[in-house]
Amino acid sequence: MAAFWRRKAQRLARADGSRKGALDPGAAAVVRLLNGRAPFCTTSSCSGRLVLAQGGGAAGAGGCGIHKQNCTWLMVAHGTCPKEEMAALEKATGDVVLKFEPFVLHVLCEELRDAQLLVKLRRAAAGPGGFTPPVKHSVAVDSGFRNSGITVGKGGKIMMAVRSTHCLEVPLSHKGKLMVSEEYIEFLIHVANQKMEENIRRIDRFHRSLELALKPAAGASSPPPGQAETHRPVYRRRRKRRAEPERDAHAAPEGPGEEPEPESDTESSLGIFADMTI
């Protein structure tokens with residue numbers, strides 16, 4: 001699709017628009033893996049962060065922190081945060097909340113099936129007899145990002161989003177006055193760091209699952225070379241039986257290594273039907 005390739009070329013040629021001006025190290029491997037594949041282009045990402053965010057009319061009063069969407073970031077960390085970082089609360093002049101925001105990724109996809117590959121479809125390995133049953137497999141959801149999904153916009157623009165509900169948001173101060181104890185702040189930092197550690201594990205699982213899902217499809221859907229001929233004698237026998245009923249009456253019974261014909265045919269039909277409906 002020409003429109004997709006045009007969008008991908010424009011996106012990859014564009015300078016990083018984030019305030020940081022570079023990829024988060026925790027998301028870099030996933031982003032590069034996807035951008036290195038023809039049908040994918042990442043449009044935004046964040047590896048996850050801990051933020052002390054101050055909002056309201058007093059947000060910019062002290063001229064400190066990072067300003068974004070009518071709020072001020074008094075502290076930002078893209079990894080676990082030592083409790084000493086909470087000293088940034090001393091700068092508070094308004095309402096401050098502690099936030100943990102998990103990994104998020106948006107991917108522009110060439111076709112719907114490309115987005116489905118990342119979100120919910122993958123074939124199982126070939127089983128006995130070379131039969132490969134289709135199974136629902138969610139690369140994103142099974143990695144812990146259960147709020148992931150696909151949207152199709154105007155002009156056929158297909159976006160896949162990796163998201164999670166693994167969040168935290170707790171108010172700490174009001175109008176510059178701290179409303180909680182130091183002990184409670186230490187507890188919150190402990191909980192937030194646990195969430196960040198789990199977030200890092202989920203990113204790692206997602207990256208490893210992506211590497212498997214993006215391997216050549218032939219390796220997943222085709223039966224192994226040693227089993228490639230298993231079904232062919234079945235269909236040859238059927239044709240012979242229809243053409244030569246008398247000869248078939250004296251045919252030798254199936255060998256122990258061959259699957260019964262009805263089961264083989266039923267499984268193949270169900271597999272095709274499931275594959276079409278997923």
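In case you missed it, the structure is sitting above this.
Residues numbered from 1 in each chain as written. Predicted model: local features only at pLDDT ≥ 70, side-chain atom pairs only at ≥ 80, totals over all residues. Heavy atoms only, no water.

Caption draft 1: The sheet that holds strand β6 (residues 104–109), seen in detail. An order of β1-β6-β10-β9 is seen for the 4 strands of this open sheet, with the pairing classed as antiparallel. With partners counted over all chains shown, the strands left at the sheet margins are β1 (40–46) and β9 (149–152), one partner each. Strand after strand, the sheet turns through a mean of 20° between neighbouring axes, direction not considered. Lying over the sheet, helix α3 (residues 112–119) contacts β1, β6, β9 and β10 (158–162), oriented at roughly 165° with respect to β9. (Pairing = 2+ DSSP bridges. Helix = DSSP H or I, 4+ residues; strand = E, 2+ residues; numbered from the N terminus. Axes fitted to C-alpha atoms, helices over the stretch in contact; angles between N-to-C directions. Contact = heavy atoms within 4.5 Å.)

Caption draft 2: The arrangement of the nonpolar core in detail. With 24 residues, the main nonpolar core has L34, L105, M160 and F206 as its most contacted residues. Of all elements in the fold, only α2 (25–35), β6, α3, α4 (139–142), β10 and α5 (182–213) reach the threshold of two or more residues within this core. With 5 residues, the top contributor of residues to this core is α2. Ranked by size, the runner-up nonpolar core spans 22 residues in total, among them L74, A88, F100 and L172. (Core = buried A, V, L, I, M, F, W, Y, C linked by side-chain atoms within 4.5 Å. Buried < 20%, exposed > 50% of the residue type's maximum accessible area, 1.4 Å probe, protein only.)

Caption draft 3: Examining α2 more closely. For α2, the complete set of buried residues consists of A27, A28, V30, V31, L33, L34 and N35. Among the structural elements, α1 (2–13), β1, β6, α3 and α5 are those in contact with the buried residues of α2.

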